[in-house]
Amino acid sequence: MSASSAFNDEKGGSSSVGEPEYGHDPASGGIFSSDYKRHDDLKEMLDSNKDSLKLEAMKRIVAMIARGKNASDLFPAVVKNVACKNIEVKKLVYVYLVRYAEEQQDLALLSISTFQRGLKDPNQLIRASALRVLSSIRVTIIVPIMMLAIKEAASDMSPYVRKTAAHAIPKLYSLDPEQKDQLIEVIEKLLADKTTLVAGSVVMAFEEVCPERIDLIHKNYRKLCNLLIDVEEWGQVVIINMLTRYARTQFLNPNINESLLEEGGGGEKTFYGSDEDEDEDEEEKEKKAEVAAMAKRKPYVMDPDHRLLLRNTKPLLQSRNAAVVMAVAQLYFHLAPKAEVGVIAKALVRLLRSHSEVQYVVLQNVATMTIKRRGMFEPYLKSFYIRSTDPTQIKVLKLEVLTNLANETNISTILREFQTYIKSMDKDFVAATIQAIGRCATNIGEVRDTCLNGLVQLLSNRDELVVAESVVVIKKLLQMQPEKHSDIIKHMAKLTDNIQVPMARASILWLIGEYCEHVPKIAPDVLRKMAKSFTNEEDIVKLQIINLAAKLYLTNSKQTKLLTQYVLNLAKYDQNYDIRDRARFIRQLIVPTEKSGALSKYAKKLFLALKPAPVLESPFKDRDHFQLGSLSHLLNAKAGGYQELPDWPEAAPDPSVRNVEVPEWTKCSSREKRKEKKVEKPFYSDSEGESGPTESADSESDSASGSESGSGSEESGSGSESEESEEGSESEEEEEEEEEKDKKKKKKELKKPVPETESEQSSEEEDRKIKRKSKQRKSDSESESDEDEESESESSQSESEDSESEIEVKKKKKTAEMKPPSKPVKKETKKEKKEMSLLDLDDFEPAPSPQVTPVNTFLSNSLVTDLEGLSLSDSVLSPATIAPSSVLKNYELLHRITGEGLSVEYCFSRQPFSPDANMVAVQMQFTNSATSDTKNLHMEDVKLQSGMRVKEFPEIELLSAGETAMAVMGIDFCDSTQAANFQLCTHTRKFFVSIQPPVGELMRPIFLTENEFKKEQGQLMGMNEITEKLTLDAKCRNEHAIVQRVTTAANLSRVPCGSDKECRFAGRTVTSSSLVLVTVATKEEGAAQLTVNCEKMVIGTMLVKDILLALTQ
Amino acid sequence: MIHSLFLVNASGDIFLEKHWKSVVSRSVCDYFFEAQERATEPENVPPVIPTPHHYLISVLRHRIYFVAVIQSEVPPLFVIEFLHRVVDTFQDYFGVCTEAAIKDNVVVVYELLEEMLDNGFPLATESNILKELIKPPTILRTMVNTITGSTNVGEQLPTGQLSVVPWRRTGVKYTNNEAYFDVVEEIDAIIDKSGSTITAEIQGVIDACVKLTGMPDLTLSFMNPRLLDDVSFHPCVRFKRWEAERILSFIPPDGNFRLLSYHVSSQNLVAIPVYVKHNITFREGSSQGRFDLTLGPKQTMGKAVESVLVSSQLPRGVLNANLNPSQGTYTFDPVTKLLSWDVGKINPQKLPSLKGTMSLQAGASKPDENPTINIQFKIQQMAISGLKVNRLDMYGEKYKPFKGIKYMTKAGKFQRCVWIAGSDRYYTNRASLIIVTS
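Criteria and thresholds
Residues numbered from 1 in each chain as written. Chains lettered and ligands numbered in written order. Predicted model: local features only at pLDDT ≥ 70, side-chain atom pairs only at ≥ 80, totals over all residues. Heavy atoms only, no water. Helix = DSSP H or I, 4+ residues; strand = E, 2+ residues; numbered from the N terminus. Buried < 20%, exposed > 50% of the residue type's maximum accessible area, 1.4 Å probe, protein only. Contact = heavy atoms within 4.5 Å. Areas by Shrake-Rupley, 256 points an atom, 1.4 Å probe, with all protein chains shown as cover. Buried area = accessible area lost by both parts, 1.4 Å probe. Salt bridge = Lys/Arg side-chain N within 4 Å of Asp/Glu carboxyl O. Pairing = 2+ DSSP bridges. Axes fitted to C-alpha atoms, helices over the stretch in contact; angles between N-to-C directions. Expected span 1.5 Å × (residues − 1). Phe/Tyr/Trp six-rings, centres within 6.5 Å; stacked < 30°, edge-to-face > 60°. Lys NZ or Arg CZ within 6 Å of the ring centre and 35° of its normal. Parallel < 35°, antiparallel > 145°, perpendicular 65-115°, else oblique. Left-handed = near helix turned anticlockwise from the far one by under 90°. pLDDT = per-residue confidence, 0-100. Nonpolar A, V, L, I, M, F, W, Y, C, P; charged D, E, K, R; others polar. Polar contact = N/O pair within 3.5 Å; in protein donor to acceptor, adjacent residues only side chain to side chain.

A.B. asks: Mind showing me how you'd approach the overall build of chain A here?
C.D. replies: Of the regular secondary structure elements, chain A holds 45 helices and 15 strands. Scored against the burial criterion, the 1113 residues of chain A give a buried share of 56%. Pairs at least 24 residues apart make up 69% of the contacts formed inside chain A by residues separated by at least 6 positions. Entry remark: accessible area of chain A is about 48,600 Å², with carbon and sulfur atoms responsible for 52%.

A.B. asks: What's the story with the overall build of chain B in this structure? I'm lost.
C.D. replies: Each helix and strand in chain B was counted, giving eight helices and 25 strands. Of all 438 residues assigned to chain B, the portion counted as buried reaches 60%. Carbon and sulfur atoms form 50% of the exposed surface of chain B, whose accessible area is close to 17,200 Å².

A.B. asks: Could you clarify how one ought to interpret the interface of chain B and chain A in this entry?
C.D. replies: Often, the extent of an interface is quoted as the loss of accessible area upon association of its parts. Taken together, the contact pairs 108 residues of chain B with 111 residues of chain A. Summed over both partners, the interface of chain B with chain A comes to about 9,800 Å²; 58% of that surface belongs to carbon and sulfur atoms. When the buried area of chain B at its contact with chain A is split by residue, Glu73(B), Leu77(B) and Lys240(B) rank highest and sum to 7% of it. Taken together, the links from chain B to chain A amount to eight salt bridges. Glu126(B) is paired through a salt bridge with Arg320(A); the nearest N and O atoms lie 2.9 Å apart. Ranked by the residues each element gives to the side of chain B that touches chain A, the list is headed by helix α2 (residues 76-94) of chain B, at eight residues.

A.B. asks: I keep staring at the sheet that holds strand β17 (residues 318-325) of chain B and nothing clicks. Help me out?
C.D. replies: In sheet architecture, strand pairing relies on hydrogen bonds along the backbone and comes in two forms, parallel and antiparallel. All names here are of chain B. Strand order in the open sheet formed by four strands is β14-β15-β20-β17, and the pairing between neighbours is antiparallel. The two strands at the open ends of the sheet, each matched to only one other strand, are β14 (274-282) and β17. Sheet twist, expressed as the mean angle between neighbouring strand axes with direction ignored, is 15°. Note that β17 and strand β20 (residues 353-360) share seven bridges and pair antiparallel. Looking at β20, one finds that Asn 322 is bridged to Thr 357.

A.B. asks: I'm lost on helix α25 (residues 411-422) of chain A in this one. Help?
C.D. replies: Residues separated by three or four positions in an α-helix point in the same direction, a consequence of the helix having 3.6 residues per turn. Helix length check: α25(A) (twelve residues) gives 16 Å between terminal C-alpha atoms against 16 Å at 1.5 Å per residue, within 8%. When we look at burial in α25(A), the residues that qualify are Ile411(A), Ile414(A), Leu415(A), Glu417(A), Phe418(A), Thr420(A), Tyr421(A) and Ile422(A).

A.B. asks: Help me understand the packing of aromatic side chains in this model?
C.D. replies: For any two aromatic rings, the description comes down to two numbers: the centre-to-centre distance and the angle of the planes. Applying the stated criterion across every chain, the model contains 27 aromatic pairs over all chains. On the numbers, 5.3 Å between centres and 50° between planes, the contact of Phe926(A) with Phe953(A) is tilted. Note that Phe926(A) is positioned in strand β3 (residues 920-928) and Phe953(A) in the loop between β5 (949-951) and β6 (956-959), a separation of 27 residues in sequence. Three or more aromatic residues link up through ring pairs in this structure, and these residues are Trp234(A), Phe78(B), Phe82(B) and Phe121(B). The cationic tip of Lys18(B) hangs over the ring face of Trp20(B); the distance from NZ or CZ to the ring centre is 5.3 Å.

A.B. asks: Where do I start with the sheet that holds strand β1 (residues 2-8) of chain B in this structure?
C.D. replies: All names here are of chain B. Reading across the sheet, the five strands line up as β2-β1-β5-β4-β3 and stay open at both edges, with antiparallel pairing between neighbours. Whereas interior strands pair on both sides, the edge strands pair on one side only; in this sheet they are β2 (14-19) and β3 (48-50). Shown here is a sheet whose adjacent strand axes are inclined to one another by a mean of 20°, direction ignored. Summarising the sheet, β3 and strand β4 (residues 55-61) pair through three bridges and their orientation is antiparallel. Residue Ile 49 lies in a different strand from β4, and its bridge partner there is Leu 56.

A.B. asks: Sorry, what's going on with the packing of helix α31 (residues 522-533) of chain A against helix α32 (residues 539-555) of chain A here?
C.D. replies: Each packed pair of helices is defined by two parameters, the angle between the axes and the distance between the axes. All names here are of chain A. In the contact formed by α31 and α32, the axes pass within 10 Å of each other and the chain directions differ by 140°. Accordingly, the angle class assigned to the pair α31 and α32 is oblique. Here α31 runs over α32; the crossing is left-handed. Counting all contacts with α31, which are made through Ala 523, Pro 524, Val 526, Leu 527 and Met 530, the residues of α32 involved are Ile 545, Leu 548, Ala 549 and Leu 552.

A.B. asks: What's the story with the pattern of salt bridges in this structure? I'm lost.
C.D. replies: When the charged atoms of two side chains lie near each other, side chains of opposite charge can form a pair. For the structure on display, the rule yields 46 salt bridges over all chains. Glu17(B) is the salt-bridge partner of Arg26(B), the closest N and O atoms lying 2.8 Å from each other. For Arg26(B), a relative accessible area of 31% corresponds to the partly exposed category. Among the ionic contacts, a cluster of salt bridges with common partners joins Lys91(A), Arg132(A), Lys171(A), Lys18(B), Glu114(B), Glu115(B) and Asp118(B).

A.B. asks: Would you explain the pairing of β3(A) in this entry?
C.D. replies: Strand residues, when the strand is regular, have side chains that alternate between the two faces of the sheet. In this sheet, β3(A) lies alongside strand β2 (residues 902-912) of chain A in antiparallel orientation, the contact comprising eight bridges. Its bridge partner lying in β3(A), Cys907(A) is registered against Gln923(A).

A.B. asks: In this structure, what is going on with helix α26 (residues 427-443) of chain A? I would like to understand it.
C.D. replies: Taking 1.5 Å per residue as the helical rise, α26(A) with its 17 residues ought to reach 24 Å, and the 24 Å between its terminal C-alpha atoms agrees with that figure. The buried fraction of α26(A) amounts to 14 of the 17 residues, a majority that puts the element mostly inside the structure.

A.B. asks: What's the story with the pairing of β2(A) in this structure? I'm lost.
C.D. replies: Residues and elements named next belong to chain A. Across the eleven residues that make up β2, a large majority, eight, are buried. In the sheet, strand β1 (residues 890-894) pairs with β2 via four bridges, with the strands oriented antiparallel. Residue pairing across strands places Glu 892 opposite Glu 905, the latter belonging to β2.

A.B. asks: Honestly, unusual backbone geometry in this entry has me stumped. Any pointers?
C.D. replies: Most peptide bonds take the trans form, and the phi angle of most residues other than glycine is negative. Even without glycine at this site, Asn636(A) takes up a positive phi of about 55°. Inspection of the secondary structure assignment puts Asn636(A) in the loop between α36 (631-635) and α37 (667-684). Classification of Asn636(A) as partly exposed rests on a relative accessible area of 35%. Of note in this structure, Arg63(B) is not a glycine but carries a positive phi near 60°. For Arg63(B), the position within the fold is in the loop between β4 and β5 (64-70).

A.B. asks: Any chance you could explain the confidence of the model for chain A here in plain terms?
C.D. replies: Caution applies to low-pLDDT regions: their predicted coordinates should not be interpreted in detail. Per-chain confidence: chain A averages 73 in pLDDT, with 71% of residues scoring 70 or above. The low-confidence segment residues 773-886 of chain A (pLDDT under 50) makes 198 contacts with residues lying over four places distant or belonging to another chain.

A.B. asks: Would you mind going over the packing of helix α9 (residues 143-154) of chain A against helix α10 (residues 159-175) of chain A with me for this structure?
C.D. replies: Residue and element names in this part refer to chain A. Two numbers describe how α9 lies on α10: the axes approach to 8 Å, and their chain directions differ by 155°. Judged by the angle between their axes, α9 and α10 are roughly antiparallel. Classified by chirality, the crossing of α10 by α9 is left-handed. Contacts between α9 and α10 pair Val 143, Met 146, Met 147, Ile 150, Ala 153 and Ala 154 from the former with Val 161, Arg 162, Ala 165, Ala 168, Ile 169, Leu 172 and Leu 175 from the latter. A per-class count over the contact of α9 with α10 returns twelve nonpolar, no polar and one charged.

A.B. asks: How do you make sense of the environment of Ala35(B) when you look at a structure like this?
C.D. replies: Residue and element names in this part refer to chain B. Residue placement: Ala 35 occurs in helix α1 (residues 29-38). The buried category is assigned to Ala 35, whose relative accessible area is 3%. C-alpha separation for the pair Ala 35 and Ile 49, spaced 14 residues apart in sequence, amounts to 7.9 Å. Apart from residues lying up to four places away in sequence, Ala 35 is in contact with Val 45, Pro 46 and Ile 49.

A.B. asks: Is there a simple way to explain the confidence of the model for chain B in this structure?
C.D. replies: All names here are of chain B. For chain B, the mean per-residue pLDDT works out to 78, and 81% of the residues sit at or above 70. The model gives residues 415-438 a pLDDT under 50, and that stretch makes 143 contacts with residues more than four places away or in other chains. Here the complex is predicted with pTM 0.65, and the ipTM for its interfaces comes to 0.86.

A.B. asks: I'm lost on the environment of Val74(B) in this one. Help?
C.D. replies: Turning to its location among the elements, Val74(B) is positioned in the loop between β5 and α2. Exposure remark for Val74(B): the relative accessible area of 1% places this residue in the buried category. Dropping the residues within four chain positions of it, Val74(B) is found in contact with Ser630(A), Leu631(A), Met1(B) and Val79(B).

A.B. asks: Even after reading the chapter, I still don't get the side chain of Asp156(A), so can you show me in this structure?
C.D. replies: Residue placement: Asp156(A) occurs in the loop between α9 and α10. There is a polar contact of 2.9 Å between the side chain of Asp156(A) and the side chain of Arg127(A).

A.B. asks: Hey, could you run me through the side chain of Arg138(A) in this one?
C.D. replies: Turning to its location among the elements, Arg138(A) is positioned in the loop between α8 (124-136) and α9. Look at Arg138(A) and you get buried, because its relative accessible area is 13%. Of the polar contacts made by the side chain of Arg138(A), one reaches the backbone oxygen of Val98(A); its length is 3.2 Å. A polar contact of 3.3 Å, which involves the side chain of Arg138(A), links it to the backbone oxygen of Lys21(B). Not counting residues within four places of it along the chain, the set of residues in contact with Arg138(A) comprises Val98(A), Glu102(A), Gln105(A), Leu175(A), Trp20(B), Lys21(B) and Ser22(B).

If you want it as structure tokens, here you go:
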């Protein structure tokens, strides 16, 4: 109430005389006493002790600011209240300060100390708002203070304050660009921040301050990709746009092969053909070209990081925010392989249902896209049909898209649609439609005549605008094949009597002049008429009349000599100097006189030269050199601050820059590491002498797992904590790993020569590496102690580790065959440590140190057990691979009695169903115990839940009495235990039957190593994990029995495990390939714990029940 | 990014300005006014206008232009989307977003804008967070504030800002726990002269009003999720779960929000629930035209078609219309030539019709423009696509909430091409079709 009344007072006052305006000028302020009083009044209120009065005053002042009234003379009175306790007064004072501080710098300085105090406040909200205001006050003197505050806030505990710091960076930069270097340091630090809250803001700061420092992104690239889905929507837009540019500099063009085909060598050849004189040079060039071609011919393998980006942005197409969708769309358009770009079309079409402003922007971009990739939008043609309720600008854009989409197959539909548009009452739109028809006609030869006929019909339209526009378009079309259409030209000549639109008249005259040979009788008559009305014509028409006269004079001087003279004489005295000039010029040129020079000989050539037909082009052609979705693209002009989208590099830059494991700031160490990386790979990836593509393929799978962890975090919303803890332990783990490696290497050297080709190099490398590693370790520990908060790009780390561990596993297998393993050093299961609740993420708290240790032991433990696995692997692997055919359970499908002698049993054979890997194989056994034969046994009328599919078994033509037959059918249950219902038909009867799978049959076994198992399990925490305590059945207390019962209950395979107290099983669901992990940990007295990790919670729950049942009975 | 914001009303006055960086003179809006003058219709003002030093990006909502001033490259959709979000927030806070409402709450507006943008970059746009920072004005609160001098600015950092679920505040408490979902569908259709459908598509949204205590975790499943061709979600929806199981799993924001919007493509046959029979003729040389329009329900599964509103833009040559509706009322505006007929409910036994004559300008030739017909209607208790919610489950909280699902169908844009007797041309009727189901 108070607010509104205050405002009303204010409004009432201002509407009467607009007094506050006089307040600008202190001199006049004195004269108008009422105004003077009013501000006095406010000052008084601000000086009072009562908060409510102050608030009232501030509200009135803010209302003044909002209306653009000057309130600067109140500055001293307001600034005093900056330390006010009342939080609303304070906020409004801040509003005032930010608005006027720039104008009253000296006074503004009075408030600085308050903010400095605020920066130290224990409340993060106050710290943040103090920083916000401090950085918003544009006073150059306080730049050092701001710098300090930003630096401090950048390492604040609270991510909210860090976010504010990121926001403050561009503010300071715009105030004083000389601070750039220091600010870049802060940006670098904040880029490493792992909270989603900060990510968007810091990338924003990066884009404003140092968009050219793309090298800062390398280390954070994977993290940004993985966090993306959890960042707030505005941040997503900024990050996606930045990553588009990044990807353009770092990856190869995924369409490189196609573009090679399209452009062909043609361009190059002609180019080289031209400089034949330089033979040597050419040869060299040719060689180069060959080399380049060779390089291109090499199969393109997408960089896994490139793939990561595409994969992680795709879900964002489903965002409710149009800007995010557009950002993803442009990313796909600029970065994705041609075959994949199509996915964005649907999302963009969806945006067409949004507000008209959104439509406008989206259509502009679609128009550009349709020129390059027409096929993408063709299925959505109808979505671009125009409705009478659309604003004109939208209509015109839709028309543009429709025109771009037109091709031989759909042109008739489009033209029919266009025909209805011509009837529209919106004249601008009608004109645009006629233009569009013209463009369709030029682009698609088949319909040119149809279009032309249609346009000619329009010439009899009652609306002059329509006629005029048609004339202009027809003129362009006729230029392509004039000789066929002399009757159209005649028709148009008649129009000169009626049509008044100057542009159309001019077009007609030009046409007649140009093709006067085709209409030899009419042309002079037209000129006669025109000469009559010459003085009343518009300028462009007059010019064309002169042109026509000149052309006729040259071709048919007998009839038109006098007319031409007359026209030229009229033109001579025209008011417009262009026309006078033209007349003079033409007279000199065509009328032979003594003075006239050599030019007149060529007059005919000059005027009657063959003119090339105009090309009707889309205005959106070539707009795609601007990044789509950008302001520059929309305006087709470079906007300030636009970052050019770079061309694809010829050769991909070193991808290893992105797998930095420890934060290293010096270049030399990073180079060292890169080298090391390179050596490492071939060394570890033994046997297959790995070349480029395979290598990258290898790492692609790594990155896949990396991204899984990222998206997993999205699911549970708790990703970052586990990441954090993982990360904390990483360096330690590394140490362990090294030790281990060293051991192994020694073993290798002793026992088994490493693959011949690499052995030399590798042994050398090893030594070097050990040294380097130890160095690195030092730096690790240093950096850790230095910056607790400092994050590393965790995803990349875990990835690279993965690859290492994977390779290790391979190697282990090898060595296991060769020699007995060393005994485990220590053993401990601390798996519980990884179970973190879903929602207790508190990402701004620094990782507490006690947490680090147990995780560490867990991880190192896994390594130890890995080692142990070496010894067990032989024995352990065998039960897993046993096909439990003996334990297949038969179910009854049709009983002998109901089946009238025919009985059917089925079992889940657990064999892969070859026609479709997504189906579960069901083996059916038909027994005919009746006395007569059964014929034509087949199935019919399959009733399924949506999504389910069935592959029917082949018809059994004859089942003699007393015989049995087998058949296999496949059912895709869509990972649900819904029954598949169908009818079993014989030649006489039909039986309704249904097959319902136990949940254990909805999966297929997969092979995992212990390491992989643990890793996967780590990603399936929280809601995806179900734990149950149980007491084992007395007969089932040994490992073998447990394995048997579990594998009977569910189609899983055993995972090798170092401990005999634990049995692990792994599988994937058949349809969606979701992981299913089962762990049975036994304890004393038959007590046990069953853990099931599965992405699909329903399946997990059901599976727990089934296995519980199997183990307890 | 966003430098300044100007709010311009229908008569071209700037009634509010806000600057996030240095002050930009309001004279920059002159470029906008120029463009506004050039545009014939208010909605034809280009959303992006370049000026020598700035770029103006504007949206038009509730007859107010929100003009943002931009100085450098920024995705235009980013700004447009943000401006719409601002309008939504105002609407959320003040119930309506009119000039008067904004002027009355100018301080709250300013506080909101201050929180929503920092240095031109969006800071807090989730309505739940904003409501914790700045309490929406209510009569009671303003009274209390006047008396006690307390404020409507929150003192604590909103918990949502830092939690994993940024869209939901913590510590929500209700005595009645309720969750309502409205399934609203719109049909867009273009129908040709013979009555056959050229395109028809259904666009649907599920709007939710969730008032539940604590941190409930909801799952909503459909009987026939495969119907949904293209969906976009509120950020709270777990995308992976949808991908895998076609189940909506989410921790809802508190209060009203749009859970998802979806699209049912034209591949699935869309049944048009209404048909129009029309006979509009103009005779050459006569100053009279005949007008005959009949509406009827079609495939409504027994549900009544309600709130039917037919409007048609008659050709400019028509001077007046003398018509006789069998039910409802009609108006004809001789200036804009807009005919509108408020039909009300369609009674299948007695179909509503509108018949009569139109008088044409004497001596003028037969109009060759085609009248367009818009139809708006609602059908209660039917979802035209056949989408059905299977069940709604709640996890994470102990209490039993009250759950309600309402289906609505509305007409979107609906277009017809009709053959005019005595004429050999098409004309287009564009009609909006709204069906509402509960």
